[in-house]
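Summary of structural features
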Amino acid sequence: MRRFLRPGHDPARERLKRDLFQFNKTVEHGFPHQPSALGYSPSLRILAIGTRSGAIKLYGAPGVEFMGLHRENNAAVQIHFLPGQCRLVTLLDDNSLHLWSLKVKGGVSELQEDESFTLRGPPGAAPSATQITVVLPHSSCQLLYLGTESGSVFVVQLPAFRALEDRTISSEAVLQRLPEEVRHRRAFEMVEALQEHPRDPNQILIGYSRGLVVIWDLQGSCVLCHFLSSQQLENVCWQRDGHLIVSCHSDGGYCQWPVSSDTLQPEPPRSCVPYGPFPCKAITKIFWLTTKQGLPFTIFQGGMPRASYGDRHCISVVHNGQQTAFDFTSRVIDFTVLTEANPEAAFDDPYALVVLAEEELVVIDLQTAGWPPVQPPYLASLHCSAITCSHHVSNIPLKLWERIIAAGSRQNTHFSTMVGLAPAPPQPRARLAHELLRHLLQEWPINGGTSLAPAPPQRDLLLTGHEDGTVRFWDASGVCLRLLYKLSTVRVFLTDTDPNDSLNAQGEDEWPPLRKVGSFDPYSDDPRLGIQKIFLCKYSGYLAVAGTAGQVLVLELNDEEAEHAVEQVEADLLQDQEGYRWKGHERLCARPGPVHFEPGFQPFVLVQCQPPAVVTSLALHSEWRLVAFGTSHGFGLFDHQQRRQVFVKCTLHPNDQLALEGPLSRVKSLKKSLRQSFRRIRRSRVSSRKRRPAGPPGEVRPRPATSPGRARSSQRQVPTTPPCPACFGHRRGLWATPDPHQPCDLGSVTLLLCASASLSVRGSHCNASGSRPQSGLPGRWWQGLWPVFPEGSLLSNLMPPGRKARAHPQAWPTPLQVQEGRSRAERTGLQNVELAPVQRKIEARSAEDSFTGFVRTLYFADTYLRDSFRHCPSLWAGTNGGTVYAFALRVPPAERRMDEPVRAEQAKEIQLMHRAPVVGILVLDGHSVPLPEPLEVAHDLSKSPDMQGSHQLLVVSEEQFKLLCEGCGGPGKKRGLVGAPGPQGQWRGC
């Protein structure tokens, strides 16, 4: 659909989007794209995240989410909550400030933008004079202190954003109140830090980049104390009692400055370089937090040895002799520490470390020994490994839901019990899911607000396949997307890495003490492990997954650990055809012998396709115990109950050379690219000649010669058997044939309503005998062929009087009568009808295009395949070249299922004229209702299909929807999806 898009704002396009696509965004799952700022309110217990696109997202208790979007498309640089209020201030990279508030409307809270402000300097001042670097909301909630690059601190009054120029703290005013020896050291540059005194709101700390830190008295406008460091200042932390200041610097160290009445302390009493003595990177942010035990927590970002670990993204935690450097796989945007919210408390007592990385949110439990990570109930990093496919299953049965949650809870032993996702105490399985969710709501530290959303009416699962060979099961029932269970297929194969290796494994004497945290891992050890297709049967618990190297695994849910060998079967899709040589990657080698599997989905059979190409389609029928798979070379059917192959079908075209190069070969042949480009140019020229305007009425124009490729695509074999009543009824509703008892090639005739309000027929047409018209007929013989429309309809006015119910060749109108019909239509007001715009023509695709044998879809159905009297199991396959294959299956009854083999026989092969890729196949019963899923009727979740009337086959291609009548193979209806040159696609009846 990308070719239908065009840049810029189009009112007509927006109107069509509202009229045709009624989509309303209700919730967003996953991690925000490109986060740029982090904020936290201790009183509200709400977390705020800003993005580079200007979005502001607030998160509280699970289910409590707010989102706002700035009018300007600028990145959010800083987010600050006003103390004790439901308001926050955002700073964008265009130097603008925005005030947001949570307001209650209709019983629910909404995030709204109230005011915006841009700091302006005096006329002629440099832009750096007002470029904001630090924002400090005062505890009075009425003032905002803004540090700038020029070294000045401006004061703005809230909520009107009125600048108080008389309260500006300029660098010159501070310089005049410092000793003489400090003035000559050029201690001023930009403001790096602003902190309010924890106990006295009349004092603020100002830190400058040159290393100068001053305590400024707001009432007396004087310097109470100042500190001067020899290293460049990065950030400052003020201890809760106000007696100690800790500053971090660009040399990888931090300094402790006791606050006293001395006006100058030339050197800090205590300084430390945690990862020295070698040169280290800067410590960009630091927290110094007190505890009741007496030993403080020191938490800082950066400071790693520059030569060996300068490329690491680390945050270090030091407490009571224990030191750990948490290593993140993506860049750290910002972090904060959750402490005691009461400002009057004597100690900080930190309990959680919240880190916003570029690709995920990580929370560390600081109260539990070992500081384990906490699994967040939202902001899941869906792309922790690149997503290669997805599968959504709705209305999961309760028993299967509980078994998946129980298996997932045993995988989370390394997580903190703060969220309650560790192994739960023994209890009835019916209460397990409810208890886990209850702990999640109570123990998650960021739990502000109350979710008013009702309980989800059903249980929905989202399965995502990833590049590292894992399948993740997500709870998609409500607002929060929560990870329930993770399945790994790596254990089945021999790879370079040991699946038992832990990311957190490290030596006891390793320095620095690194520990990897987070789930984001963009690197895959072997790209062949990638999951490409997933199919889950929610009634039987069977799961089928297919991968990049042609591997198809069939798994079954088991509540206990098991150790068994996985049986391997090879499926040769080329069927020993000569002249083909696979140029892609090699197959994955299965692990020999028994393999240990954790509780959950455990594989018991592996089907390896040859050549090991990407599996492009997958279908599982749990009632028949069959699994079908397809690649770019063909498709096959496997009986996973008897562990045997039923059949394979090669769909490879002789010109499909690219299908033998594999998915990892992205270099396209220059010769083939040039050839395809010239073919497109030639087709466009032929199409433009065909679209030339017709001459005056009565003029005979020679019919343009049809290209050989087009002629081949238009030829169809006329059936010799009489059509069935249902099929003929569809024909009669569209056309009136000369003889209703003779077949008519309806699939190659297209009805168009032209802009001149005339009717014409394009395509080929067979006469009563099934042969082509003689060349001696007039060049525009088809002008007299009139369709039959209901009496009184708008299009029936186009027909001449007395001919509305006749379509016999003897009654065909002359060109003069056609012109009279046009004039009559104009007089009746047809010119006022809004006609369709110029549409893109459906052009037949060449059979020589690459990947025509690419299997796009597979479908199981119990339907009428051979005739209209007996139904049987069947398998349908659609390819990229517009071909549909149908196989009749013979599945033994349950009592003889293990004794007799499943047999298959090809019954039909349908070739779409336009050769567009078939993307979907569906069978409709006698009431035009899709056939139910396997085992759905057995569980009383669906009505039995109507097997008395005739079934219809719905074939969905990239160009049209075509409805075929099963049993006789005749065409029914088809609807074309045609894209106009503009922004929208349109429907067209054919």
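Rules behind the numbers
- Residues numbered from 1 in each chain as written.
- Predicted model: local features only at pLDDT ≥ 70, side-chain atom pairs only at ≥ 80, totals over all residues.
- Heavy atoms only, no water.
- Helix = DSSP H or I, 4+ residues; strand = E, 2+ residues; numbered from the N terminus.
- Expected span 1.5 Å × (residues − 1).
- Buried < 20%, exposed > 50% of the residue type's maximum accessible area, 1.4 Å probe, protein only.
- Pairing = 2+ DSSP bridges.
- Axes fitted to C-alpha atoms, helices over the stretch in contact; angles between N-to-C directions.
- Salt bridge = Lys/Arg side-chain N within 4 Å of Asp/Glu carboxyl O.
- UniProt positions renumbered as here; feature names shortened; annotations may be inferred.
- Phe/Tyr/Trp six-rings, centres within 6.5 Å; stacked < 30°, edge-to-face > 60°.
- Core = buried A, V, L, I, M, F, W, Y, C linked by side-chain atoms within 4.5 Å.
- Contact = heavy atoms within 4.5 Å.
- Polar contact = N/O pair within 3.5 Å; in protein donor to acceptor, adjacent residues only side chain to side chain.

**Concerning helix α5 (residues 398–409)**
- With twelve residues, α5 ought to run about 16 Å at 1.5 Å a step, and its terminal C-alpha atoms sit 16 Å apart, in line with that.
- For α5, a buried count of nine out of twelve residues is recorded, marking the element as mostly surrounded by other parts of the structure.
- Three or more residues of α5 are buried, namely L400, W401, E402, R403, I404, I405, A407, G408 and S409.

**Structural notes on the sheet that holds strand β18 (residues 244–249)**
- One open sheet accounts for four strands, arranged β17-β18-β19-β21; its pairing is antiparallel. On the outer flanks of this sheet lie β17 (233–238) and β21 (270–272), each paired with one strand and no other. Across this sheet, the average inter-strand angle for adjacent strands is 20°, counted without regard to direction.
- The sheet contact formed by strand β19 (residues 254–258) and β21 spans three bridges and is antiparallel. Its bridge partner lying in β21, C255 is registered against S271.

**Some details on the pattern of salt bridges**
- One pass over the structure, following the stated rule, counts 21 salt bridges.
- One salt bridge connects D349 with K292, and the closest N-O pair in it is separated by 4.0 Å. Remark: K292 occurs in the loop between β22 (283–289) and β23 (297–302) and D349 occurs in the loop between β26 (332–338) and β27 (352–357); sequence separation between them is 57 residues.
- Here D349 falls in the partly exposed class, since its relative accessible area comes to 22%.
- When the shortest N-O distance is used, the salt bridge between D475 and R482 registers 3.6 Å.
- One salt-bridge network, in which partners are shared between bridges, spans R52, R331 and E358.

**Some words on the UniProt feature "repeat: WD" (unreviewed entry) in the protein**
- The UniProt feature table records "repeat: WD" (unreviewed entry) at residues 457–475.
- As annotated, residues 457–475 has a helix share of 0% and a strand share of 63%, and its two end C-alpha atoms lie 13 Å apart.

**As for the packing of aromatic side chains**
- All chains considered together, the criterion is met by 18 aromatic pairs.
- When the ring of Y275 is compared with that of W511, the centres are 5.6 Å apart and the planes differ by 50°; the resulting orientation is tilted. Separated by 236 residues along the polypeptide, Y275 in the loop between β21 and β22 and W511 in the loop between β33 (482–488) and β34 (514–516) bring together distant segments of the chain.
- Taking the relative accessible area as the measure of exposure, W511 reaches 48% and is therefore partly exposed.
- Both rings, one in Y485 and one in F601, keep their centres 6.2 Å apart while their planes meet at 45°; by these two values the pair is tilted. Taken as a pair, Y485 in strand β33 and F601 in strand β41 (residues 600–610) lie far apart in primary sequence, 116 residues in all. Judged on exposure class, the residue Y485 and its partner F601 are both buried.
- An aromatic cluster is defined as three or more aromatic residues linked by ring pairs; in this entry it consists of Y254, Y275, F300 and W511.

**Here's the deal with the pairing of strand β53 (residues 952–957)**
- Of all the six residues making up β53, five are buried; the element is thus mostly covered by neighbouring parts of the structure.
- Bridge count for β53 against strand β54 (residues 960–965) is five bridges, and the pairing is antiparallel. Along β54, the bridge assignment pairs V956 with F961.
- A loop of two residues connects β53 with β54, the two strands running antiparallel in sequence.

**Section: the nonpolar core**
- Counting 34 residues, the largest nonpolar core has L461, F473, L543 and F601 as the members making the most contacts within it.
- The leading source of residues in this core is α5, at five residues.
- Ignoring sequence-local partners within four residues, the contact set of F473 consists of I404, L461, L462, L463, R482, L483, L484, Y485, L487, L543 and F601.
- With 22 residues, the next largest nonpolar core counts Y539, L573, V615 and F638 among its residues.

**Describing the side chain of H197**
- Tracing the chain through its elements places H197 in the loop between β13 (191–196) and β14 (203–208).
- H197 gets classed as buried once you look at its relative accessible area, which sits at 13%.
- A distance of 3.1 Å separates a polar atom in the side chain of H197 from the backbone nitrogen of D200.
- The contact partners of H197, leaving out residues within four places of it in the chain, are Q203, W238 and G242.

**Description of the environment of G303**
- Structurally, G303 is set in the loop between β23 and α4 (306–309).
- Classification of G303 as buried rests on a relative accessible area of 0%.
- Considered as a pair, G303 and S250 are 53 residues apart in the sequence and their alpha carbons are 8.5 Å apart.
- Discounting residues that sit within four places of it in the chain, G303 has contacts with G252, Y275, C280, K281, A282 and I283.

**Observations regarding the sheet that holds strand β49 (residues 871–879)**
- The strand order across the open sheet formed by four strands is β48-β49-β50-β51, and the pairing between neighbours is antiparallel. For this open sheet the edge positions go to β48 (855–864) and β51 (903–911), each flanked by a neighbour on one side alone. Each strand axis lies, on average, 20° off the axis of its neighbour in the sheet, ignoring direction.
- Relative to β51, strand β50 (residues 883–890) is paired through eight bridges, and the arrangement is antiparallel. Looking across to β51, one finds that V884 is bridged to I910.

**Points about unusual backbone geometry**
- Each neighbour pair has its own omega, and for L158 with P159 the value is 5°, a cis peptide bond.
- Mapping P159 onto the fold places it in the loop between β11 (153–157) and β12 (162–163).
- P277 follows G276 through a cis peptide bond whose omega is 5°.
- Residue position: P277 is located in the loop between β21 and β22.
- The backbone phi angle of Q34 is positive, close to 55°, even though this residue is not glycine.
- The exposure class assigned to Q34 is partly exposed, which follows from its relative accessible area of 34%.
- Even without being glycine, S221 reaches a positive phi, approximately 50°.

**Comments concerning the side chain of Q960**
- With respect to the helices and strands, Q960 occurs in strand β54.
- For Q960, the side chain forms a polar contact with the side chain of H914, separated by 3.2 Å.

**So, the pairing of strand β36 (residues 542–547)**
- In terms of residue burial, β36 counts as a mostly covered element, since six of its six residues are buried.
- Burial of β36 is two-sided: the residues Y542, A544 and A546 facing one way and the residues L543, V545 and G547 facing the other way are all buried.
- Both strand β35 (residues 531–536) and β36 contribute to a ladder of five bridges, which runs antiparallel. Bridge pairing links F535 to A544 in β36.
- The hairpin turn running from β35 into β36, its antiparallel successor, is five residues long, and G541 in that turn takes a positive phi close to 85°.
- Taken together, the five bridges between β36 and strand β37 (residues 551–558) define a ladder with antiparallel strand orientation. Within β37, the residue paired with L543 across the bridge is L555.
- Adjacent in sequence and paired antiparallel, β36 and β37 are bridged by three residues, among which G550 carries a positive phi angle near 80°.

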